[in-house]
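Overview (structure and organization)
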Amino acid sequence: MKKIWLVLILVCVFVISSCGDDNKTPVIVDEPDNEPTETADADAEEPAEENETQEFDPENSGYTVEFNIIDIDMMGQGQSMAIGYFMKTAREDLEEGEVVDVTLDTCVMGESSPRVPSCTSKEDCAPEQECVPDYDNNSGQPIENSEHCETPNRASLDVGPVQIAGFNGGPYTFAYEPGDQVYKLNGTGDGSIDRSLIAYGVDYTILGENMLPDDLESLSATFRMPPMLQLIEPATTEGGTFGAAIAVDNTKPLTFKWEGNGGQGYIDITITAAQSLANTVSVTCKVIDDGEFTVPEEFASQLVFGGGGDGMMDQMLAMMNMIIFDRHTESPITGDGISVGRVSSEQLIMVNVLPTGSN
């Protein structure tokens, strides 16, 4: 389910800038009378414990719910969105709740570990599942060794309105929008929200009562929005392809400083260097969100940045030289009838690289 949801988010990110402003004005609702009954720490990186151990019952699977608040600063252009969905829980949703051993404050070359298929045919899956690959978003072709068991023909559901408090000027109503089949502000628009609505360093609450299905009665969550993600060091400088850029010397360790989240949650730092169109390398570091991390020289030295001239090829390479900071925090959503629930925030900063070291 996470793979489906990630694709949806990425599609929304790239269409926001071309969409109009219709239906983006929020409607303020009365403050809910009942407060959520359970509180979760902002650094929870997996769903509630019961999601990890419960057995899947196809006849009484419960519901999966997820809400995401996303704030993106892409080369100085800000975009924000808030989207959610409800589905009948599938077997793979429970498996996604399993703990993954990820060592923080480490770096790897490339953006992911080598893929290993988890199935080779339908016989490797549960009766209701199929063995399917992931697909490349650009080419539409299946990704090698990405086969996994997945329940087909799942549908997003309208279970009634949900109230979210914590946004500036809120709380606000989120409702099902039948076109994209996801929950959006006021149930309209493209999923984007005005950036001024996002409040940082405060608690958000999500509340749903008297939900439509008989076996889904309520939901609640308390979620701590981290501080605004802002890079302190190195300071941005002019001279990048899109204006402001970060100067990078690949002959030295690269130290980044930002306003941390007290060590709660994590940040992915991905540095991409394009020496040529056919020679692109990247370093990805998954780090504790405590405000500082140094990329070791052994990784920095492998970043060879092309471009720097006035030709079209140089400009294309300069566009590909990029640093992305991606802050992730997550808390569980609980309630009667919910088998898997999470609310998460993503704060992304995307900025060009201005090479200063010897390539």
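Everything discussed here concerns the structure shown above.
Below, the structure is looked at part by part.

Calculation criteria
- Residues numbered from 1 in each chain as written.
- Predicted model: local features only at pLDDT ≥ 70, side-chain atom pairs only at ≥ 80, totals over all residues.
- Heavy atoms only, no water.
- 1 Å grid on protein atoms, 1.4 Å probe; cavity = no way out; pocket = protein on both sides within 12 Å on 5 of 7 lines; lining within 4 Å.
- Points joined across faces, edges and corners; volume = space filled by probe spheres on them.
- Helix = DSSP H or I, 4+ residues; strand = E, 2+ residues; numbered from the N terminus.
- Nonpolar A, V, L, I, M, F, W, Y, C, P; charged D, E, K, R; others polar.
- Disulfide = S-S within 2.5 Å.
- Buried < 20%, exposed > 50% of the residue type's maximum accessible area, 1.4 Å probe, protein only.
- Core = buried A, V, L, I, M, F, W, Y, C linked by side-chain atoms within 4.5 Å.
- Contact = heavy atoms within 4.5 Å.
- Salt bridge = Lys/Arg side-chain N within 4 Å of Asp/Glu carboxyl O.

Attention now moves to the layout of surface pockets. Computed from the structure, the second largest pocket encloses a volume of approximately 320 Å³. Lining the second largest pocket we find 19 residues, and of these D73, L229, L231, T236 and I349 sit closest to its centre. For the lining of the second largest pocket, the secondary-structure elements that each account for two or more residues are β1 (63-74), β14 (243-248) and β20 (338-355). Of the residues forming the lining of the second largest pocket, the biggest block, five residues, is contributed by β20. For the lining of the second largest pocket, a count of residues per class yields 12 nonpolar, four polar and three charged.

What follows is about the state of the cysteines. On inspection of all chains with the given rule, the structure shows three disulfides. C125 shares a disulfide with C149; S-S distance 2.1 Å. Across the S-S bond of C125 and C149 the torsion is about -85°, and the bridge reads as left-handed. Note that C125 is positioned in the loop between β3 (106-109) and β4 (130-132) and C149 in strand β5 (residues 148-150), a separation of 24 residues in sequence. Comparing C125 with C149 shows no difference in burial state: the two are buried. Here the cysteine-cysteine linkages of the protein chain are recorded as 1-6, 2-4, 3-5, numbering only bonded cysteines and doing so in sequence order.

Before going further, it helps to spend a moment on the nonpolar core. Core analysis: the largest hydrophobic core is formed by 30 residues, its most contacted members being F67, F86, F167, F174, Y204, I206 and I333. Contributing elements (two or more residues each) for this core: β1, β2 (77-88), β6 (162-165), β7 (172-177), β8 (182-185), β10 (203-209), β11 (218-224) and β20. Top contributing element to this core by residue count: β1, with four residues. Those residues in contact with I333 that lie beyond four places of it in its chain are V65, F67, I206, L219, S220, A221, I338, G341, R342 and V343. Membership of the second largest hydrophobic core comes to 25 residues, among which are L254, F256, W258 and I267.

Below, the discussion takes up the pattern of salt bridges. A full pass over the atoms with the stated rule returns 15 salt bridges. Across the pair R154 and E92 runs a salt bridge whose closest N-O atoms are separated by 3.9 Å. You can see R154 sitting in the loop between β5 and β6 and its partner E92 sitting in helix α3 (residues 91-96), a full 62 residues away along the chain. Exposure remark for E92: the relative accessible area of 6% places this residue in the buried category. Across the pair E330 and R342 runs a salt bridge, and its minimum N-O distance is 3.6 Å. Highlighted residues: E330 in strand β19 (residues 322-332) and R342 in strand β20, separated in sequence by 12 residues.

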